[in-house]
Amino acid sequence: MMKFLFMMIFMIPLCFMKNMFWLVQMMLFFMMFLFMNLNLNIMCFFNMSYMFYCDIISFGLILLSIWICSLMIMASESLFKLNFYFNFFLFNVIFLLIMLYLTFSVLNLLLFYFFFEASLIPTLLLIIGWGYQPERIQAGMYLLFYTLFGSLPLLMGIVYIFNDLNTMTIYFLKFFNMNMYLLYISMIFAFLVKMPMYFVHLWLPKAHVEAPVSGSMILAGIMLKLGGYGLLRVMIFLQEVNLKLNYIWIIISLVGGLFISMKCFCQVDMKSLIAYSSVAHMSMVIGGIMVMNYWGFIGSYILMISHGLCSSGMFCLANINYERLHSRSLYINSGMMNFMPSMSLWWFLLLSSNMAAPPSLNLLGEISLINSLVSWSNISMILLMMISFFSAGYSLYLYSYIQHGKYFQGLYSFYVGSSREYLLLFLHWFPLNMMILKVDFISIWF
Amino acid sequence: MLTNNNSNKMFFLFILFFSTLISISSNSWFGCWIGLEINLLSFIPLISNSKNLLSVETSLKYFLTQSLASINFLFMILIKFSLLKNFDMNNIISIMMNSSLLMKMGSAPFHFWFPNIVEGLSWMNNFMLMTWQKISPMILLSYYFNKNFLIFMIIMNLIIGSLGGLNQTSLRKLLAFSSINNLGWMIFSIMISENLWLFYFLIYSMMIFMMISLFFLMNMYFMNQLFINNMNFFIKLNLLINFLSLGGLPPFMGFMPKWIIINFLLINKFYFLTFIFMMTSLIIIYYYIRIIYSSFMFNYFKMKWVNLLMKNNMSLINLSSFISISSMILSTFIFM
């Protein structure tokens, strides 16, 4: 485990050398394949050392973060072409990857918090440094302050646990049972803000829209999953209080997910629509984790991985359109099928995965979540039916507005699609739709 | 301190250091008072410069407030000697003594002189005022404090330090309000143990030193000056890292003292006070980030008639920002 940490640390000097942009991306792919070859034991913590470990959840999420970081570099070729501080950009990406890797793999709860917070700093730098509009300052503020407002009580909770239990090792926490309401709220509030839950979701549309393509990819791909991962870890010792209070969070997220899905139909900005659909998907994930049955955990984990790939791919597609037309508006991006028919294929593949059409991994996640939430209460059938229906609705809405219809007459000329862009989208789509063929390594935990 | 060819200031600096040592190592309260008075007398020549009217006015204001606090302190010491025979700390006299010491430090609710005076001092004098001048009142505070009174003062410090800085554009006043906020943390730490206070104080003074020397070398006194300069990339990075570290964000060095103080707060079951500590530090981070907007962005406002270019000849500052990043991460591996 430490070998990957050192590999990433030594990639940092590589970022500052001349003409090493594509080499860094290739090294990240290389690390991905090295990491996949770790011995994967399902029922336990494996690869344990003094401060690192790997669990089935952290394994999948670390894989996802390395994958998305390497695709981030592939998507940001325009920074390299235009020579816009790409050395520091590479450093930011590698630093963010190190922080995410450490978040998912340290054994100590306080170190988890430390790297959880530390991963905010490079994200903030990415949004404000390379974003496209002046509104990115406000977006960075919202991101930083919503997340900090949630996570400072988390620090209080972790230090309280240390003073009470004299241990912070995540593995030992399963032997304890902390039955305090205030501790429960302070521990999970940070992750609910990060997920995001409905009432504290305002940072997400701002941050996702104003970020550059790499920032949007990493935000949608991994940063939201940090909240899910934290919830999964913290539920271990908060089970009793959760059973008494989980209905609050489930109801807020499901009803909120319904409102957000309806709000998706009103969006004009492509990226804004994708961002709101992220909130709707994550609302189901929160529901699944809070219910605390096995199908709920499985469904939320699968939906986290598949949503990471799918949303990140959709942001790549939105950026492909943005680089050609310099607009994200649905009024201008219409009739694209006339000019980029191959992109239309990729829009359709990724949007069909977004609406959880078979054979995508989203389908498995949503079915598991529907199963778990309906087993918790029959009334959630109505909410889940509406959320799934509306997600199909706005995915189709986005597809048909962008691809079909008359094209905007003010377009001049642009090229159809470079093979780098096709490779980028293929690498997003392939795990999403092919992993359905062997799901037992992400859905059978014991 | 870094003077313009005036070596007498070295002499007064030596007396300033010596006076603090007198104050904190004396056996009797009277010796403490003597140390405080010599402190005042030796700081005034350091900050007054008879060619500048603002300097004269500032040193006069400083003299008035500090001497009022000192004479109050002397009076309370004498009352304590004559009236009280016990060592109980929860009485009105300890409140009065603590108030006079808080006024010497510039802590709320006696802080009104502090932003005024830092506005009139140069950066190096500000550094002395914000770090060295706090040592002897702090340590004297720890000898005879009233716990409930000090907890109330901590809350006032935190709130005034965070809310007061929201409408400021002068960098000196911003750092003054941040210093008032950090006084809240320091007063709590000295209630726990002097060792803890020393740890917090050393890291705080190191961070303030890095920032003040950066502003001193760039000759910056106001926020709008941050946006019109073509700052070198490393200067921007340094500014970013220092302010985020001062705000207490991981992974920088400034997170460590705040985390340890939260640890002691929760051990002693001050739950609501911890919440106030956290939320006010959010407000502080807000106005720090407002200062470092210019370092987040790669472009700058270019003025038409004047071209300001910053050369990077501050290798010591770069080393210090490297220490700031790496020390936190390295220390987590040590203290595991």
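Residues numbered from 1 in each chain as written. Chains lettered and ligands numbered in written order. Predicted model: local features only at pLDDT ≥ 70, side-chain atom pairs only at ≥ 80, totals over all residues. Heavy atoms only, no water.

Convention followed: UniProt positions are given in the numbering used here, feature names are shortened, and annotations may be inferred rather than shown by experiment.
Chain B has the name NADH-ubiquinone oxidoreductase chain 2 in an unreviewed UniProt entry, where Bombyx mori is given as its organism. UniProt annotates chain B under Sequence similarities (unreviewed entry) with the comment "Belongs to the complex I subunit 2 family." Regarding chain B, the UniProt comment filed under Catalytic activity (unreviewed entry) reads as follows: "a ubiquinone + NADH + 5 H(+)(in) = a ubiquinol + NAD(+) + 4 H(+)(out)".

Under an unreviewed UniProt entry, the name given to chain A is NADH-ubiquinone oxidoreductase chain 4, and the source organism is Bombyx mori. Taken verbatim from the UniProt record of chain A, the Catalytic activity (unreviewed entry) comment is "a ubiquinone + NADH + 5 H(+)(in) = a ubiquinol + NAD(+) + 4 H(+)(out)". Quoted verbatim from the Sequence similarities (unreviewed entry) heading of the UniProt record, the comment on chain A is "Belongs to the complex I subunit 4 family."

### Let's talk about the UniProt feature "domain: NADH:ubiquinone oxidoreductase chain 4 N-terminal" (unreviewed entry) in chain A
Selection rule: The way it works is that DSSP assigns letters per residue, a run of H or I at least four long becomes a helix, a run of E at least two long becomes a strand, and they are numbered from the N terminus.
As recorded in UniProt, the feature "domain: NADH:ubiquinone oxidoreductase chain 4 N-terminal" (unreviewed entry) lies at residues 1-103 of chain A. For residues 1-103 of chain A, the end-to-end C-alpha separation is 13 Å, with 72% helix and 0% strand making up the annotated structure.

### Quick notes on the packing of helix H8 (residues 147-164) of chain B against helix H13 (residues 271-291) of chain B
Residues and elements named next belong to chain B. As a reminder of what qualifies: Lines fitted to the C-alpha atoms define the axes, with helices restricted to the stretch that makes contact. Angles between their N-to-C directions range from 0 to 180 degrees. Oblique is the label for any angle not under 35 degrees, not over 145, and not in the 65 to 115 range, which are roughly parallel, roughly antiparallel and roughly perpendicular in turn. Helix crossings get a hand from a simple test, with the near helix turned counterclockwise from the far one by less than a right angle marking a left-handed crossing and a clockwise turn marking a right-handed one. Here, two residues are considered to be in contact whenever any of their heavy atoms come within 4.5 Å of each other. By the convention adopted, Pro, Cys, Tyr, Trp, Phe, Met, Ile, Leu, Val and Ala count as nonpolar, Lys, Arg, Asp and Glu as charged, and the other residues, Gly among them, as polar.
Viewed as axis vectors pointing N to C, H8 and H13 meet at an angle of 20 degrees, and their least axial separation amounts to 8 Å. Looking at the two axes, H8 sits roughly parallel to H13. In the packing of H8 onto H13, the handedness of the crossing is left-handed. Contacts between H8 and H13 involve Ile151, Ile154, Ile155, Leu158, Ile159, Gly161, Ser162 and Leu163 on the former and, on the latter, Leu273, Ile276, Phe277, Thr280, Ile283, Ile284 and Tyr287. Residue composition of the contact of H8 with H13, by class: 12 nonpolar, 3 polar and no charged.

### Remarks on the UniProt feature "domain: NADH:quinone oxidoreductase/Mrp antiporter transmembrane" (unreviewed entry) in chain A
The UniProt record annotates "domain: NADH:quinone oxidoreductase/Mrp antiporter transmembrane" (unreviewed entry) at residues 108-390 of chain A. Counting secondary structure, residues 108-390 of chain A comes out at 76% helix and 0% strand; the distance between its end C-alpha atoms is 41 Å.

### Describing the interface of chain A and chain B
Bring the parts together and some accessible area is lost; that lost area is often taken as the interface size. We count it as follows: A quick way to say it: buried area is the sum, across both parts, of accessible area lost when two parts are put together, with a 1.4 Å probe. Should a side-chain nitrogen of Lys or Arg be within 4 Å of a carboxyl oxygen of Asp or Glu, the pair is scored as a salt bridge. Here a polar contact is recorded for every N or O atom pair within 3.5 Å, except that within protein the pair must consist of a potential hydrogen donor and a potential acceptor, and residues adjacent in sequence are included only if both atoms are side-chain atoms.
Contacts between chain A and chain B engage 34 residues on the former and 33 residues on the latter. Buried surface at the junction of chain A and chain B, summed over both partners, amounts to about 3300 Å²; 88% is from carbon and sulfur atoms. Of all residues in chain A, Phe114, Ile121 and Met156 of chain A bury the most surface against chain B, accounting for 18% of the area lost on that side. In this assembly, chain A and chain B are joined by 0 salt bridges. Summed over the shared surface of chain A and chain B, the result is 1 residue pair in polar contact (both at pLDDT 80 or more). Taken together, the elements giving at least two residues each to the side of chain A that touches chain B come down to helix H5 (86-105), helix H6 (109-118), helix H7 (120-130) and helix H8 (136-165) of chain A. At 14 residues, H8 of chain A tops the list of elements feeding residues into the side of chain A that touches chain B. When its residues are assigned to classes, the side of chain A that touches chain B shows 29 nonpolar, 3 polar and 2 charged.

### Here we look at empty space enclosed by the protein
Stated precisely, the cut-off is as follows: Cavities and pockets were defined on a 1 Å grid built from protein atoms only: a cavity is a group of points that admits a 1.4 Å probe but offers it no way out, a pocket is an open group of points flanked by protein on both sides within 12 Å along at least five of seven lines, and a lining residue is one with an atom within 4 Å of any such point. Grid points are joined across faces, edges and corners, and a volume is the space filled by probe spheres set on the points.
Enumeration over the complete set of coordinates arrives at 7 cavities of 30 Å³ or more. By volume, the largest cavity amounts to about 120 Å³. Along the walls of the largest cavity sit 16 residues, with Leu152 of chain A together with Gly247, Gly248, Phe255 and Ser281 of chain B positioned nearest its centre. Broken down by secondary-structure element, the contributors of at least two residues to the lining of the largest cavity are H6 and H8 of chain A together with helix H12 (255-267) and H13 of chain B. For the lining of the largest cavity, the per-class residue count stands at 11 nonpolar, 3 polar and 2 charged.

### A word on a nonpolar patch on the surface
Rules: Here the term patch refers to residues with relative accessible area over 30% and no salt bridge, with like charges joined within 9 Å and nonpolar side chains (Val, Leu, Ile, Met, Phe, Trp, Tyr) within 5 Å. Only the protein chains shown count as cover for residues, with accessible areas throughout obtained via the Shrake-Rupley method and a probe of 1.4 Å.
The grouping of Leu423, Phe426, Phe430, Met434 and Leu437 of chain A at the surface amounts to a nonpolar patch, some 460 Å² of accessible area in total. Looking at the element boundaries, Leu423 of chain A is found in helix H18 (residues 419-434).

### A look at the nonpolar core
Note on soluble globular proteins: their nonpolar side chains tend to be buried together. Rules: In this description, a nonpolar core means a group of buried Ala, Val, Leu, Ile, Met, Phe, Trp, Tyr and Cys residues linked to one another through side-chain atoms lying within 4.5 Å. Buried means the residue's accessible area, taken with a 1.4 Å probe over protein chains only, is under 20% of the maximum for its type, while exposed means over 50%, and partly exposed covers the values in between.
Phe35, Met187, Ile188 and Met290 of chain A together with Phe73, Phe215 and Phe296 of chain B are the most contacted members of the largest nonpolar core, which has 302 residues in total. Setting aside residues no more than four positions away along its own chain, Ile188 of chain A makes contact with Leu231, Val234, Met235, Leu238, Trp249 and Met290 of chain A.

### A few points about the packing of aromatic side chains
All names here are of chain A. Quick reminder of the rule: Geometry of aromatic contacts follows a simple scheme: Phe, Tyr and Trp rings, the Trp one being its six-membered ring, pair when their centres are within 6.5 Å, and the pair is stacked under 30 degrees between planes, edge-to-face over 60, tilted otherwise.
Applying the stated criterion across every chain, the model contains 66 aromatic pairs over all chains. Here the aromatic rings of Phe265 and Tyr394 are separated by 6.4 Å at their centres, their planes lie at 70 degrees, and the arrangement is edge-to-face. Placement of Phe265 in the loop between helix H12 (239-264) and helix H13 (270-291) and of Tyr394 in helix H17 (residues 380-403) is noted, with a sequence separation of 129 residues between them. The exposure class of Tyr394 is buried, given its relative accessible area of 1%.

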